[in-house]
Amino acid sequence: MREIEVDVLVIGSGAGGGTVASRLSSLCASGVRIALAEAGPWWGRDSFTMRETEMLRLFKEGGALPSQSFEIAVTAAECVGGSTAVYTGVTFRAPPGLVASWARDFGLRDLDETDVQARFPRIEEEIDAKFLGPEMENRNNRIFREGCERLGIPVKQFKVNVRDCVGCGFCNLGCPYGAKRGTLEVQVPHAIANGVELIPNCRITRVFDGGAEGVISDPPPGSRPSEYAKGPVRFRAKIVVVAAGTLASSALLLASNLEGLSPACGRYVTLHPALTSFARMENPVRGFEGFPKLHYTDAFSDSNGYYIETAFYFPFVTAKSLPGLGSDLKRFMRDYAYLACAITLVHDDAEADNRITVKDGRVALHYRLSRASREAVVHSQRQAGRIYFAAGAKEYVSLVADRFSVTRPIELESNIQAAGLVSGKVVLSSAHPMGGCRMGSDPNTSVTDAFGRVHGHPGIVVADASLFPTSSHVNPYLTIMALAERNAEAIAKTLS
Amino acid sequence: MPEYRFFTAGTAATFRAAAGAIVPSDGESPGADSDAAIRVADRVLSERPLRDQKLLRTFLGVVEWLPIFRHGSRFSRLSPEARDSFLRRLERSSIAKFRQGFFGLKTFALMGYYGLEDTFQELGYPGPRQDAPYYQLRRGGE
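Residues numbered from 1 in each chain as written. Chains lettered and ligands numbered in written order. Predicted model: local features only at pLDDT ≥ 70, side-chain atom pairs only at ≥ 80, totals over all residues.

1. A word on the overall build of chain B
In step 1: Counting its regular elements, chain B contains eight helices and zero strands.
In step 2: Along its sequence from the N terminus, chain B presents helices and strands in the succession α-α-α-α-α-α-α-α.
In step 3: Along the longest, intermediate and shortest principal axes, the C-alpha atoms of chain B span 60 × 35 × 30 Å.
In step 4: Burial status across chain B gives 40% buried among its 142 residues.
In step 5: Sequence-distant contacts, at least 24 apart, represent 59% of the contacts inside chain B between residues at least 6 apart. (Helix = DSSP H or I, 4+ residues; strand = E, 2+ residues; numbered from the N terminus. Buried ≥ 20, exposed ≤ 12 C-beta atoms within 10 Å, placed from the backbone. Contact = placed C-beta atoms within 7 Å.)

2. Side note on the packing of helix α4 (residues 139-151) of chain A against helix α10 (residues 371-390) of chain A
Residue and element names in this part refer to chain A.
In step 1: Close contact between α4 and α10 brings their axes to 7 Å; oriented N to C, the two are set at 95 degrees. Of the possible angle classes, the one that applies to α4 and α10 is roughly perpendicular. Seen from α4, the contacting residues are F144, G147, C148, R150 and L151; seen from α10, they are R386, I387, Y388 and A390.
In step 2: The residue inventory of the contact of α4 with α10, partitioned by class, reads six nonpolar, one polar and two charged. (Axes fitted to C-alpha atoms, helices over the stretch in contact; angles between N-to-C directions. Parallel < 35°, antiparallel > 145°, perpendicular 65-115°, else oblique. Nonpolar A, V, L, I, M, F, W, Y, C, P; charged D, E, K, R; others polar.)

3. Points about α10(A)
All names here are of chain A.
In step 1: Taking 1.5 Å of rise per residue, 20 residues should cover 28 Å, and α10 covers 29 Å from first to last C-alpha, within 8% of that figure.
In step 2: Taken across its 20 residues, α10 has 14 buried, putting it largely inside the fold.
In step 3: Phi for G392, located one or two positions after α10, is positive at around 105 degrees. (Expected span 1.5 Å × (residues − 1).)

4. Some remarks on the interface of chain B and chain A
In step 1: Between chain B and chain A, the residue contacts involve 34 residues of the former and 33 residues of the latter.
In step 2: Secondary-structure elements contributing two or more residues to the side of chain B that touches chain A are α1 (9-22), α2 (35-46), α5 (80-91), α6 (96-114), α7 (117-123) and α8 (133-141) of chain B.
In step 3: Among the elements that make up the side of chain B that touches chain A, the one with the highest residue count is α6(B) (nine residues).
In step 4: Of the residues assigned to the side of chain B that touches chain A, the class counts are 19 nonpolar, five polar and 10 charged.

5. Observations regarding the sheet that holds strand β8 (residues 159-161) of chain A
Residue and element names in this part refer to chain A.
In step 1: Spatially, β5-β8-β6 is the arrangement adopted by the three strands of the open sheet, whose pairing is antiparallel. Single-partner strands in this sheet number two, and they are β5 (90-91) and β6 (129-130).
In step 2: Examined bridge by bridge, β5 and β8 share two bridges and lie antiparallel to one another. Across the sheet, residue T91 finds its bridge partner in β8, namely K159. (Pairing = 2+ DSSP bridges.)

6. Regarding the nonpolar core
In step 1: Among the nonpolar cores identified, the biggest contains 213 residues, and A:L9, A:I11, A:V241, A:V242 and B:A109 are the most heavily contacted of them.
In step 2: Every residue in contact with A:I11, bar those within four places of it in the chain, is listed here: A:G17, A:A37, A:I204, A:A212, A:V240, A:V241, A:V242, A:A243 and A:A244. (Core = buried A, V, L, I, M, F, W, Y, C linked by C-beta atoms within 7 Å.)

7. Looking at unusual backbone geometry
Residue and element names in this part refer to chain A.
In step 1: Within the chain, Y268 stands out as a residue other than glycine whose phi angle is a positive 60 degrees.
In step 2: With respect to the element layout, Y268 can be found in strand β13 (residues 267-270).
In step 3: A positive phi angle, close to 50 degrees, is found at R286, a residue other than glycine.
In step 4: Here R286 is to be found in the loop between β14 (274-280) and β15 (295-297).

So, in structure tokens, the structure goes:
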């Protein structure tokens, strides 16, 4: 077995791991050795083909991991950059008060809302998060905005982290121009330039106090080469940072049989359940041209527990998000260039029974939509329909509806009912899994302290969305980066 | 018979029949039962974890033989109308495993058809941009 000795091993190169590696990399000049192990390959912008089925190779489980109940499937990337390689760059700060509620409700005296909020502007500057100008608003986004405005629904714009974006729309298949400023383009190159050693295709299977074990595989064709030969590997490290994402981090800790690991490990997972719906417009929308996501509304956040964001999907995922089969589906898809698209995202609560386990060596996700979440899904699907009809839609399609499509707003309520939310027929999606290694002061109900240190194992530090005690209710990557930065600072103090 | 990596002759026949019901051919374009679409599905399925491959193979067996009880015939020998009706019942079945199986079957059929660049013209979708680094690098190497 190959042995690699470092001071810090970072597992995962997404929003959390990439940030930790970048922040600690300044220590390399003083002789600190840091390795960044990524389970997936290192695909560069020159290997992003923009072909939808080919680019499934960027994702875990070929694109989606369904829950055991088949109510929902999680999409997460497995490549250098993690999910920041395939997100759209939608940048939300944690809502004011969220971090304070974590500190208050989970006994996290060292977690300070003001400190976390103060990190956001600097990180946003580092990764070029900004509001795009009106010239970047494509028709899909304009239709959504106009629909909201006609109904008097406040519509907002979010920041996105891009530089010199050409508006090609292929963000979710890996930015082919390198304009999206995720960790693939910003933090990981910064870390490497400072001396961090990136080891792609390295799947860690067990962590322990003082190190980790895993397996290195050959880089797949088309990905960047690695100087590490395939085979088992053992790391010796003073600090092991677990930042493989909610699913993999929880599973890794569970599989490692750490002594005294909290019974909360893997539990309290939230998924920010999402459902896409489509409207056929009279004139071409051509959502594939221009930047795909600019607008959202949080008008129903407090009252009904969800956001609606604009969205765009390529042909296969669009078709997969339609109900039924046969000529209806094919006819609707033939109007692909006329489709407007939105995604509704539900604020789910952290429940102990929503959890991750490891079964036959694979991650198993146990998740049930709560009654409140089901009601929010139904309400949000009706509301998205109202917005599109106000914008002039001719036909609206929601998976929850009891027929293929509705053509009049008056039909929305009677046709979109909770009874339509049948698992397996309607499979919600999640791109924002959170929790599983939640922070807290009580080892019986939490896995780590306020700096991500696993209770009883201070040399094992978690630094990703699995830390969230509850859902952030917004796209989480910026909050992940802020928490990862705090944890990196605590590690640096330990090392010094 | 084409050489498949995932399908056997039997499972290919069932999958082709189901895919043709999910995206039927019509006067304007082929369906998801075209050779090209089946090849895409076969490639993607062959790259799935073995456990998933086994599940879909098993489900294809269920799809092929279950109609015997109601229609007196195997799925791949049913009329297009009967196939459509059978698959719709699976989608709405009270048995969760049937709904899940249909979801998987539909996913791969749609991937086969809508992942094909030949389908893009029908959708008015231009596909990948040829000025991106991936394509420029390959042209530069020619």
